[in-house]
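Structural features, examined
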Amino acid sequence: MSGSVNKVILVGNLGKDPEVRRGQSGAKIVSFSLATSDTWNDRVSGERRERTEWHRIVIFNDRLADLAESFLRKGRKVYLEGALQTRKWTGQDGTENYTTEVIVE
């Protein structure tokens, strides 16, 4: 394969209002959690089952950050496209931590 694609498309509900902060350059950074759900019928019991996945979303684009800040609220359903990015950091206790985020540009 000559190349690869890092693209995520999600449709889900906001878990809380977006959090807005400023980067070192003064640019807006908006982050929020997005819940996506999958439902199915259990083959054994026949019961309806649901599994919810939580995704951490980060927006670095100033124009999109303004829109997110103005219109997104807890519970609102949103469609977004972004790329997966995993960050690593060392905690105060010396343990290495990882988080995977969807970056919207």
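First, a word on scope: everything that follows refers to the structure included in this document. (Residues numbered from 1 in each chain as written. Predicted model: local features only at pLDDT ≥ 70, side-chain atom pairs only at ≥ 80, totals over all residues. Heavy atoms only, no water.)

The number of helices and strands found in the protein is one helix and six strands. Secondary structure elements in the protein, listed N-terminal to C-terminal, are β-β-β-β-α-β-β. Here the C-alpha radius of gyration of the protein, 17 Å, is well above what a compact globule of 105 residues would show, namely 13 Å. Projected onto its principal axes, the C-alpha coordinates of the protein cover approximately 55 × 40 × 35 Å. The buried share of the protein, taken over its 105 residues, is 27%. Partitioning the intrachain contacts of the protein with sequence separation of at least 6 by distance along the chain shows that 49% fall at a separation of at least 24. Accessible surface for the protein amounts to roughly 7,700 Å². Of this, 46% is attributable to carbon and sulfur atoms. (Helix = DSSP H or I, 4+ residues; strand = E, 2+ residues; numbered from the N terminus. Rg over C-alpha atoms; globule rule 2.2 N^0.38 Å. Buried < 20%, exposed > 50% of the residue type's maximum accessible area, 1.4 Å probe, protein only. Contact = heavy atoms within 4.5 Å. Areas by Shrake-Rupley, 256 points an atom, 1.4 Å probe, with all protein chains shown as cover.)

Taken together, the side chains of Ile9, Val11 and Tyr79 present a nonpolar region at the surface, about 310 Å² in accessible area. By the secondary structure assignment, Val11 is in strand S1 (residues 8-14). Since its relative accessible area comes to 47%, Val11 is described here as partly exposed. (Patch = residues over 30% accessible without salt bridge, like charges linked within 9 Å, V, L, I, M, F, W, Y side chains within 5 Å. Salt bridge = Lys/Arg side-chain N within 4 Å of Asp/Glu carboxyl O.)

Tracing the backbone through its elements, the reader meets Glu47 in the loop between strand S3 (28-41) and strand S4 (48-59). Other than its neighbours up to four places away in sequence, Glu47 contacts Trp40, Asn41 and Asp42.

This part is about the pattern of salt bridges. Summed over all chains, the structure comprises eight salt bridges. With a shortest N-O distance of 3.7 Å, Asp42 and Arg49 are connected by a salt bridge. The class of Arg49 is partly exposed, set by a relative accessible area of 35%. The closest approach of N and O atoms between Lys88 and Glu96, which form a salt bridge, is 3.5 Å. Each of the salt bridges in this network shares a partner with another, and the network as a whole consists of Lys28, Asp66 and Glu69.

Counting 15 residues, the largest nonpolar core has Leu10, Phe32, Leu34, Ile57, Ile59 and Leu80 as the members making the most contacts within it. Residues contacting Ile59, with those up to four places away along its chain left out, are Lys28, Ile29, Val30, Phe32, Leu64, Ala65, Ala68 and Val104. (Core = buried A, V, L, I, M, F, W, Y, C linked by side-chain atoms within 4.5 Å.)

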